[in-house]
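# Notes for the structure review
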Amino acid sequence: MAAFGTQFMPNMVHTTFAENAWSKPKLVSSDSVSLHPGAHVLHYASTCFEGLKAFKHDDGSVYVFRMDRNIARMQQSSSLLHLPNFPAELLEKMILSGLAEVLDDIPAPPSSMYIRPTHIGTEAAIGKAASPSNSSMLYVLFSQVGAYFSGGDVALRLLIEEDAMRCAAHMGMVKSGGNYASAMGPILRAKEQYQADQVLFCPQGDVQETGAANFILIDGNEIITKALDSSFLHGVTRDSILTIARDFGMDVQERTLSVEELLERAGKPGCEAALSGTAAVLAPVGTLIHEGKEHHIGNGEPGPTTLKLRKTLNEIQWGKREDRHGWLRKVNKT
Ligand SMILES: *Cc1c(COP(=O)(O)O)cnc(C)c1O
């Protein structure tokens, strides 16, 4: 299969906001959109997006995973970026009607249909650096994706970064393009200088997250991750994994984790760490690079608890394990 996120279904669902109203969503070609070169998004980054997945079960039925969470997060991102608000039902209908159109193209597990809602400010106004766009475009792209790490499990190497921040502190919980641009420099430097896969941003020693995934430490029966605040992105996968861990009777601790405690625990046998996000689900972390020194987490290999948690989440998504928390929503033909 092609690289993750490079192949799109031919159509997308599209609507625009102008003169205080949303147009009726339409199925249109996903080849291009028409934008004024002075569009607000191109100059002042009024943009946010979401990422969620739909899965095919053995009986051929299709389910979308925790769509309500992604819609609520996109409403929050839009509102924090002062983009026009939209009703949850509008985006829900766009996602479900778009999925209904591609029902026969949803691949079987471990592949899935990745769904990418996008919201951008379109007003042609280069004088509006400090005021919001009064028009916008909302669309939903669909892309067939395979398992993220098709080559099997390799434990990732993370550079611990205590100086640079992923993004401005007040933008952390907004899923917005500018934040990834902001993290790009430190990530490319870490790849170049340390052959790191990702950067673990830990401003002032506070373990936060990487460029596009949340960080979870697993130490025996304890599972530790930063408590929700406005400085980082509140992952749906993070929440799902923590819920599954609680179901397993694990001691889930949402609290501040310092670099000092992380390194101290990492050295113990049986310690594990992982990155969580919709695309990769739960990716094992094997090595931390700190002040030029490499620290293995446990034995440096993918950990058994990480793999068990991921397998459990996948089995729920794939219809092979009971959906106790009502995370799946069936997609019907229109
Ligand atoms: C999307 C994203 C995540 C993961 O969120 P999920 O809802 O689990 O996909 C974590 N951190 C950042 C910065 C993200 O953009």
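Keep in mind the model is a prediction, meaning the values are calculated, not measured. (Residues numbered from 1 in each chain as written. Predicted model: local features only at pLDDT ≥ 70, side-chain atom pairs only at ≥ 80, totals over all residues. Heavy atoms only, no water.)

## A word on the site of the ligand
Which entries qualify depends on this criterion: Nearness is judged by heavy atoms alone; a residue qualifies as near a molecule or strand once a single heavy atom is within 4 Å of it. Nitrogen and oxygen atoms within 3.5 Å of one another constitute a polar contact, given that in protein one can donate a hydrogen and the other can accept it, and given that sequence-neighbouring residues count only through two side-chain atoms. All accessible areas in this document rest on Shrake-Rupley with a 1.4 Å probe, and a residue is counted as covered only by the protein chains that are shown. Definitions used throughout: a 1 Å grid over protein atoms alone; a cavity as a set of points that fits a 1.4 Å probe which cannot get out; a pocket as an open set with protein on both sides within 12 Å along at least five of seven lines; a lining residue as one with an atom within 4 Å of a point. To qualify as sitting in a cavity or pocket, a molecule needs more than half of its atoms within 2 Å of the grid points. Following the grouping adopted for this structure description, the nonpolar residues are Ala, Val, Leu, Ile, Met, Phe, Trp, Tyr, Cys and Pro, the charged ones are Asp, Glu, Lys and Arg, and the polar ones are all others, Gly among them.
In the region of the ligand, 15 residues are neighbours, and Lys175, Tyr180, Glu209, Thr237 and Thr278 sit closest. Here Glu209 contributes a side-chain N or O atom positioned 2.6 Å from a nitrogen atom of the ligand. Bound to the protein, the ligand loses 96% of the 380 Å² it would expose on its own. According to the grid-proximity analysis, the pocket containing the ligand is the largest pocket. Grouping the amino acids of the shell around the ligand by side-chain chemistry returns five nonpolar, six polar and four charged.

## Regarding the UniProt feature "modified residue: N6-(pyridoxal phosphate)lysine" (unreviewed entry) in the protein
The test is simple: UniProt positions are given in the numbering used here, feature names are shortened, and annotations may be inferred rather than shown by experiment. A run of DSSP states H or I qualifies as a helix once it reaches four residues; a run of E qualifies as a strand once it reaches two. Both are numbered from the N-terminal end. Think of it in three bands: with a 1.4 Å probe and only protein chains considered, a residue is buried below 20% of the maximum accessible area for its type, exposed above 50%, and partly exposed in between. Note on contacts: a residue pair qualifies if any of its non-hydrogen atoms lie within 4.5 Å across the two residues.
Mapped onto this numbering, the UniProt entry annotates "modified residue: N6-(pyridoxal phosphate)lysine" (unreviewed entry) at Lys175. Within the fold, Lys175 resides in the loop between strand 9 (156-161) and helix 4 (177-194). Exposure remark for Lys175: the relative accessible area of 13% places this residue in the buried category. The contacts of Lys175, once residues within four sequence positions are left out, are Thr47, Cys48, Phe49, Glu50, Gly51, Arg73, Ser77, Tyr180 and Leu233.

## Some words on the layout of surface pockets
Empty pockets left among the atoms are what a rolling probe the size of a water molecule brings to light. To keep things clear, this is the line we draw: Grid points are joined across faces, edges and corners, and a volume is the space filled by probe spheres set on the points. Per the annotation, domain bounds derive from an automatic or database assignment of domains.
Computed from the structure, the largest pocket encloses a volume of approximately 1,000 Å³. Taken together, 43 residues form the lining of the largest pocket, with Tyr148, Tyr180, Ala212, Ala213 and Ala279 sitting closest to its centre. Those elements that place two or more of their residues in the lining of the largest pocket are strand 7 (112-121), strand 8 (136-145), helix 4, helix 5 (236-247) and strand 14 (271-277). Of the residues contributing to the lining of the largest pocket, the split by class is 22 nonpolar, 13 polar and eight charged. For the lining of the largest pocket, the two domains that each supply at least three residues are domain 1 (11-145) and domain 2 (156-317). The computed volume of the second largest pocket comes to approximately 310 Å³.

## Quick word on the state of the cysteines
Note the cut-off: We call a pair of cysteine sulfur atoms a disulfide whenever their separation is within 2.5 Å.
Under the criterion given, the structure shown has zero disulfides. Between Cys48, a free cysteine, and Cys167, which holds the nearest cysteine sulfur, the sulfur-to-sulfur gap is 14 Å. Its sulfur unpaired, Cys271 is 14 Å from the next cysteine sulfur, which belongs to Cys202.

## Regarding helix 2 (residues 67-80)
Filter applied, for reference: Between the first and last residue of a helix there are one fewer steps than residues, each counted as 1.5 Å, and that sum is the expected span. This arc is taken over the directions from the axis of the helix to the C-beta atoms.
With 14 residues, helix 2 extends 20 Å between its outermost C-alpha atoms, agreeing within 8% with the 20 Å of an ideal straight helix rising 1.5 Å per residue. For helix 2, the full list of buried residues reads Met67, Asn70, Ile71, Arg73, Met74, Ser77 and Ser78. Summarising the axial view, the buried residues of helix 2 lie within an arc of 165°, below the 170-degree limit, and thus occupy one face. At the C-terminal side of helix 2, His82 shows a positive phi close to 60°.

## So, the packing of aromatic side chains
Worth spelling out the cut-off: Two rings from Phe, Tyr or Trp (for Trp, the six-membered ring) form a pair when their centres are within 6.5 Å of each other. A pair whose planes differ by under 30 degrees is stacked, one over 60 is edge-to-face, and the rest are tilted.
Applying the stated rule across the entire model yields six aromatic pairs. Ring geometry for Phe49 and Tyr180: centres 5.5 Å apart, planes at 50°, overall tilted. Here Tyr180 lies in helix 4 and Phe49 lies in strand 4 (residues 47-49), a separation of 131 residues in the sequence. What makes Tyr180 partly exposed here is its relative accessible area of 21%.

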